[in-house]
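# Tertiary structure, described
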Amino acid sequence: QQQVKQSPQSLIVQKGGISIINCAYENTAFDYFPWYQQFPGKGPALLIAIRPDVSEKKEGRFTISFNKSAKQFSLHIMDSQPGDSATYFCAFTSNNRKLIWGLGTSLAVNP
Amino acid sequence: KAGVTQTPRYLIKTRGQQVTLSCSPISGHRSVSWYQQTPGQGLQFLFEYFSETQRNKGNFPGRFSGRQFSNSRSEMNVSTLELGDSALYLCASSLDRDGGISTDTQYFGPGTRLTVL
(Lines give C-alpha, C1' and ligand atoms only; values in the text may rest on other atoms or scores of the structure.)
Protein backbone atom coordinates (compact mmCIF):
# COMPACT_ATOMS: atom_id res chain seq x y z
CA GLN A 1 0.00 0.00 0.00
CA GLN A 2 1.35 3.39 -0.92
CA GLN A 3 2.25 5.60 2.00
CA VAL A 4 3.43 9.06 2.73
CA LYS A 5 5.71 9.79 5.68
CA GLN A 6 5.30 13.22 7.19
CA SER A 7 7.77 14.90 9.53
CA PRO A 8 8.12 16.31 12.04
CA GLN A 9 5.19 15.14 14.13
CA SER A 10 5.17 18.44 15.99
CA LEU A 11 6.89 21.75 15.51
CA ILE A 12 7.32 24.86 17.61
CA VAL A 13 8.37 28.04 15.86
CA GLN A 14 8.78 31.60 17.03
CA LYS A 15 6.69 34.29 15.44
CA GLY A 16 8.37 35.49 12.28
CA GLY A 17 10.30 32.27 11.84
CA ILE A 18 10.13 29.71 9.04
CA SER A 19 8.12 26.52 9.51
CA ILE A 20 9.17 23.56 7.39
CA ILE A 21 7.21 20.35 7.06
CA ASN A 22 8.38 17.46 4.92
CA CYS A 23 6.64 14.56 3.28
CA ALA A 24 8.24 11.57 1.60
CA TYR A 25 6.19 9.27 -0.54
CA GLU A 26 6.64 5.77 -1.83
CA ASN A 27 6.05 4.34 -5.22
CA THR A 28 4.64 6.17 -8.19
CA ALA A 29 1.38 6.86 -9.95
CA PHE A 30 0.38 10.20 -8.53
CA ASP A 31 -0.39 13.55 -9.95
CA TYR A 32 -1.58 15.81 -7.16
CA PHE A 33 -0.06 16.88 -3.87
CA PRO A 34 -2.36 18.95 -1.70
CA TRP A 35 -1.62 20.33 1.74
CA TYR A 36 -4.45 20.71 4.18
CA GLN A 37 -4.66 22.85 7.31
CA GLN A 38 -6.84 21.86 10.23
CA PHE A 39 -7.77 24.00 13.21
CA PRO A 40 -9.17 22.44 16.39
CA GLY A 41 -12.83 21.60 16.06
CA LYS A 42 -12.78 22.05 12.29
CA GLY A 43 -12.34 19.79 9.34
CA PRO A 44 -9.21 20.07 7.20
CA ALA A 45 -9.20 22.79 4.57
CA LEU A 46 -7.10 22.92 1.42
CA LEU A 47 -4.14 25.25 1.90
CA ILE A 48 -2.12 24.85 -1.27
CA ALA A 49 -1.54 22.11 -3.86
CA ILE A 50 1.06 21.24 -6.47
CA ARG A 51 1.32 18.93 -9.45
CA PRO A 52 4.56 16.97 -10.08
CA ASP A 53 5.34 18.83 -13.31
CA VAL A 54 5.97 21.93 -11.21
CA SER A 55 8.91 22.09 -8.80
CA GLU A 56 7.63 24.94 -6.67
CA LYS A 57 4.45 26.86 -5.99
CA LYS A 58 4.06 29.91 -3.81
CA GLU A 59 0.90 31.43 -2.42
CA GLY A 60 1.53 34.30 -0.06
CA ARG A 61 3.62 33.07 2.83
CA PHE A 62 3.13 29.42 1.90
CA THR A 63 5.42 27.62 -0.53
CA ILE A 64 5.41 24.01 -1.68
CA SER A 65 8.56 22.57 -3.17
CA PHE A 66 8.72 19.23 -4.90
CA ASN A 67 11.78 17.02 -5.41
CA LYS A 68 10.82 14.17 -7.71
CA SER A 69 14.17 12.37 -7.58
CA ALA A 70 14.09 12.33 -3.78
CA LYS A 71 10.36 11.55 -3.75
CA GLN A 72 9.82 14.34 -1.30
CA PHE A 73 7.74 17.47 -1.09
CA SER A 74 7.84 20.19 1.51
CA LEU A 75 5.73 23.01 2.88
CA HIS A 76 7.47 26.19 3.94
CA ILE A 77 5.61 28.82 5.95
CA MET A 78 7.50 32.08 5.90
CA ASP A 79 7.09 34.73 8.61
CA SER A 80 5.06 32.26 10.70
CA GLN A 81 2.25 33.81 12.72
CA PRO A 82 0.38 32.60 15.81
CA GLY A 83 -2.70 32.25 13.58
CA ASP A 84 -0.83 29.59 11.62
CA SER A 85 -0.92 27.32 14.65
CA ALA A 86 -2.78 24.28 13.39
CA THR A 87 -2.25 20.74 12.20
CA TYR A 88 -0.95 20.38 8.67
CA PHE A 89 -1.46 17.33 6.49
CA CYS A 90 0.24 16.45 3.26
CA ALA A 91 -1.43 14.07 0.86
CA PHE A 92 -1.13 12.73 -2.63
CA THR A 93 -3.51 11.12 -5.03
CA SER A 94 -2.86 7.47 -5.67
CA ASN A 95 -3.49 5.74 -8.97
CA ASN A 96 -6.94 4.65 -7.87
CA ARG A 97 -7.98 8.21 -7.07
CA LYS A 98 -7.75 7.84 -3.31
CA LEU A 99 -6.04 10.56 -1.35
CA ILE A 100 -3.23 9.10 0.75
CA TRP A 101 -2.61 11.21 3.83
CA GLY A 102 0.34 11.89 6.05
CA LEU A 103 -0.19 11.61 9.80
CA GLY A 104 -0.06 15.34 10.31
CA THR A 105 2.23 17.92 11.87
CA SER A 106 1.06 19.95 14.82
CA LEU A 107 2.48 23.45 14.44
CA ALA A 108 2.61 25.90 17.33
CA VAL A 109 3.80 29.43 16.63
CA ASN A 110 4.81 31.27 19.77
CA PRO A 111 4.03 34.99 19.90
CA LYS B 1 -22.60 28.71 -0.58
CA ALA B 2 -23.13 26.79 2.59
CA GLY B 3 -20.32 24.45 3.50
CA VAL B 4 -20.43 20.75 4.19
CA THR B 5 -22.63 19.99 7.17
CA GLN B 6 -22.49 16.95 9.36
CA THR B 7 -24.92 15.77 11.98
CA PRO B 8 -24.75 15.10 14.78
CA ARG B 9 -21.60 16.85 15.90
CA TYR B 10 -21.15 14.67 18.96
CA LEU B 11 -22.33 11.18 19.74
CA ILE B 12 -21.83 8.81 22.64
CA LYS B 13 -22.65 5.16 22.17
CA THR B 14 -21.89 1.92 23.94
CA ARG B 15 -20.20 -1.16 22.55
CA GLY B 16 -22.42 -3.28 20.38
CA GLN B 17 -24.71 -0.48 19.36
CA GLN B 18 -24.95 0.90 15.87
CA VAL B 19 -24.76 4.49 14.71
CA THR B 20 -25.71 6.50 11.63
CA LEU B 21 -23.94 9.70 10.69
CA SER B 22 -25.22 12.16 8.15
CA CYS B 23 -23.47 14.46 5.68
CA SER B 24 -24.87 17.17 3.43
CA PRO B 25 -22.37 18.18 0.74
CA ILE B 26 -21.93 21.59 -0.77
CA SER B 27 -24.68 22.30 -3.26
CA GLY B 28 -23.68 20.99 -6.69
CA HIS B 29 -21.04 18.62 -5.37
CA ARG B 30 -21.62 15.07 -6.50
CA SER B 31 -18.85 13.20 -4.75
CA VAL B 32 -18.86 12.51 -1.04
CA SER B 33 -16.01 10.84 0.81
CA TRP B 34 -15.83 9.68 4.39
CA TYR B 35 -12.76 9.56 6.61
CA GLN B 36 -11.97 8.37 10.09
CA GLN B 37 -9.54 10.58 11.99
CA THR B 38 -7.71 9.40 15.08
CA PRO B 39 -4.61 10.87 16.75
CA GLY B 40 -2.44 7.87 15.97
CA GLN B 41 -3.62 6.99 12.48
CA GLY B 42 -4.36 10.37 10.93
CA LEU B 43 -7.03 10.41 8.26
CA GLN B 44 -8.07 7.01 7.07
CA PHE B 45 -10.21 6.79 3.96
CA LEU B 46 -13.47 4.91 4.43
CA PHE B 47 -15.31 5.21 1.14
CA GLU B 48 -16.37 7.54 -1.63
CA TYR B 49 -19.78 7.87 -3.22
CA PHE B 50 -20.63 9.37 -6.56
CA SER B 51 -24.09 9.39 -8.13
CA GLU B 52 -25.44 7.10 -5.42
CA THR B 53 -22.76 4.48 -6.12
CA GLN B 54 -19.79 3.55 -4.02
CA ARG B 55 -16.87 4.37 -6.26
CA ASN B 56 -14.00 3.69 -3.93
CA LYS B 57 -13.47 1.91 -0.66
CA GLY B 58 -10.81 1.88 2.02
CA ASN B 59 -9.63 -0.98 4.20
CA PHE B 60 -12.31 -1.03 6.84
CA PRO B 61 -14.40 -4.00 7.97
CA GLY B 62 -17.89 -4.57 6.68
CA ARG B 63 -19.33 -3.05 9.86
CA PHE B 64 -18.71 0.27 8.16
CA SER B 65 -21.14 1.03 5.38
CA GLY B 66 -22.52 4.02 3.63
CA ARG B 67 -24.91 5.23 1.05
CA GLN B 68 -25.67 8.28 -1.00
CA PHE B 69 -29.04 9.64 -1.92
CA SER B 70 -30.20 11.23 -5.16
CA ASN B 71 -29.65 14.71 -3.70
CA SER B 72 -25.99 13.73 -2.98
CA ARG B 73 -26.55 13.67 0.78
CA SER B 74 -24.76 10.75 2.34
CA GLU B 75 -24.97 8.62 5.43
CA MET B 76 -22.53 6.24 6.96
CA ASN B 77 -23.42 3.47 9.36
CA VAL B 78 -21.29 1.60 11.83
CA SER B 79 -22.77 -1.53 13.29
CA THR B 80 -21.69 -3.46 16.36
CA LEU B 81 -19.60 -0.60 17.68
CA GLU B 82 -16.22 -1.31 19.21
CA LEU B 83 -14.15 0.85 21.55
CA GLY B 84 -11.66 1.37 18.73
CA ASP B 85 -14.31 3.04 16.61
CA SER B 86 -14.06 6.14 18.79
CA ALA B 87 -12.88 8.81 16.40
CA LEU B 88 -13.73 11.94 14.50
CA TYR B 89 -15.62 11.02 11.34
CA LEU B 90 -15.16 13.50 8.56
CA CYS B 91 -17.16 13.92 5.42
CA ALA B 92 -15.77 15.70 2.39
CA SER B 93 -17.44 16.70 -0.83
CA SER B 94 -16.02 17.62 -4.20
CA LEU B 95 -17.48 18.72 -7.49
CA ASP B 96 -16.83 15.64 -9.53
CA ARG B 97 -14.19 12.98 -9.48
CA ASP B 98 -15.03 11.31 -12.71
CA GLY B 99 -12.58 8.88 -14.24
CA GLY B 100 -8.81 9.04 -14.19
CA ILE B 101 -6.93 10.71 -11.41
CA SER B 102 -8.71 13.62 -9.86
CA THR B 103 -7.32 16.87 -8.58
CA ASP B 104 -10.62 18.12 -7.27
CA THR B 105 -10.43 19.96 -4.00
CA GLN B 106 -12.14 18.17 -1.16
CA TYR B 107 -14.18 20.35 1.16
CA PHE B 108 -14.52 18.95 4.64
CA GLY B 109 -17.27 19.27 7.17
CA PRO B 110 -16.52 19.83 10.87
CA GLY B 111 -16.89 16.12 11.61
CA THR B 112 -18.86 14.00 14.02
CA ARG B 113 -17.05 13.09 17.21
CA LEU B 114 -18.05 9.54 18.11
CA THR B 115 -17.22 8.16 21.52
CA VAL B 116 -17.81 4.47 22.19
CA LEU B 117 -18.00 3.49 25.86
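Above this note sits the structure.
An account of the accompanying structure is given in this report.

## Digging into the environment of K15 of chain A
Residue and element names in this part refer to chain A. As for its position among the elements, K15 is in the loop between β2 (10-14) and β3 (19-25). Residues K15 and A70, spaced 55 residues apart in sequence, show a C-alpha to C-alpha distance of 30 Å. Sequence-distant contacts of K15, defined by excluding residues within four places in its chain, comprise S80, Q81, P82, V109, N110 and P111.

## Topic: unusual backbone geometry
With an omega dihedral of -5 degrees, the bond running from S7 of chain A to P8 of chain A counts as a cis peptide bond. With respect to the helices and strands, the residue P8 of chain A is situated in the loop between β1 (4-7) and β2. Unusually for a residue other than glycine, D79 of chain A sits at a positive phi of about 45 degrees. Positioned with a positive phi, T80 of chain B is a non-glycine residue whose angle comes to about 45 degrees.

## Some thoughts on the packing of aromatic side chains
Summed over all chains, the structure comprises 17 aromatic pairs over all chains. Relative to F73 of chain A, the ring of F33 of chain A lies with its centre 4.2 Å away and its plane at 45 degrees, an arrangement referred to as tilted. Placement of F33 of chain A in strand β4 (residues 33-38) and of F73 of chain A in strand β8 (residues 72-77) is noted, with a sequence separation of 40 residues between them. When its relative accessible area of 0% is taken as the criterion, F33 of chain A is described as buried. Its relative accessible area of 0% is what places F73 of chain A among the buried residues. An angle of 80 degrees between the planes, with centres 5.8 Å apart, marks the rings of W101 of chain A and F108 of chain B as edge-to-face. Pair noted here: W101 of chain A is in strand β10 (residues 99-101) and F108 of chain B is in strand β10 (residues 107-108), and the two residues belong to different chains.

## Section: the state of the cysteines
Working definition of a disulfide: a covalent bond connecting the sulfur atoms of two cysteines. Scanning all chains against the criterion turns up two disulfides over all chains. The disulfide that involves C23 of chain A links it to C90 of chain A, with 1.8 Å between the sulfurs. Between C23 of chain A and C90 of chain A the disulfide shows an S-S torsion of about -95 degrees. By sign, it is left-handed. Pair noted here: C23 of chain A is in strand β3 and C90 of chain A is in strand β9 (residues 86-93), with a separation of 67 residues, a long-range link. Here C23 of chain A matches C90 of chain A in class, with each residue buried. Here C23 of chain B connects covalently by a disulfide to C91 of chain B, the sulfurs 1.7 Å from one another. Every disulfide takes its handedness from the sign of the S-S torsion; for C23 of chain B and C91 of chain B that torsion is -55 degrees, giving left-handed. Taken together, the residues C23 of chain B in strand β3 (residues 19-24) and C91 of chain B in strand β9 (residues 87-94) connect sequence positions 68 residues apart.

## Brief notes about the sheet that holds strand β1 (residues 5-7) of chain B
All names here are of chain B. The strand order across the open sheet formed by four strands is β1-β3-β8-β7, and the pairing between neighbours is antiparallel. Each edge of the open sheet carries a strand with a single partner, namely β1 and β7 (64-68). Within this sheet the neighbouring strands show an average axis-to-axis angle of 20 degrees, counted without direction. Inspection of the sheet shows β1 paired to β3 by three bridges, in the antiparallel sense.

## Quick notes on the pairing of strand β7 (residues 62-67) of chain A
Residues and elements named next belong to chain A. Relative to β7, strand β6 (residues 56-59) runs antiparallel, the two being bridged by four bridges. Paired with K58 across the strands is T63, a residue of β7. With antiparallel pairing between neighbouring strands as the criterion, β6 and β7 make up a hairpin whose turn holds two residues, including G60 at a positive phi of roughly 65 degrees. By the bridge criterion, six bridges tie β7 to β8 in an arrangement that is antiparallel. Residue pairing in the sheet places F66 in a bridge with F73 of β8. Turn length for the β7-β8 hairpin, with the two strands adjacent in sequence and antiparallel, is four residues, and the turn residue K71 shows positive phi of about 50 degrees.

## Comments concerning the environment of G102 of chain A
Residue and element names in this part refer to chain A. Position of G102 relative to the elements: it lies in the loop between β10 and β11 (105-110). You can call G102 buried: its relative accessible area is 0%. Here the alpha-carbon distance between G102 and V4, two residues 98 residues apart in the chain, equals 5.3 Å. Excluding its chain neighbours within four sequence positions, the residues that come into contact with G102 are V4, Q6, F89 and C90.

About the criteria used
Residues numbered from 1 in each chain as written. Chains lettered and ligands numbered in written order. Predicted model: local features only at pLDDT ≥ 70, side-chain atom pairs only at ≥ 80, totals over all residues. Heavy atoms only, no water. Helix = DSSP H or I, 4+ residues; strand = E, 2+ residues; numbered from the N terminus. Contact = heavy atoms within 4.5 Å. Phe/Tyr/Trp six-rings, centres within 6.5 Å; stacked < 30°, edge-to-face > 60°. Buried < 20%, exposed > 50% of the residue type's maximum accessible area, 1.4 Å probe, protein only. Disulfide = S-S within 2.5 Å. Pairing = 2+ DSSP bridges. Axes fitted to C-alpha atoms, helices over the stretch in contact; angles between N-to-C directions.

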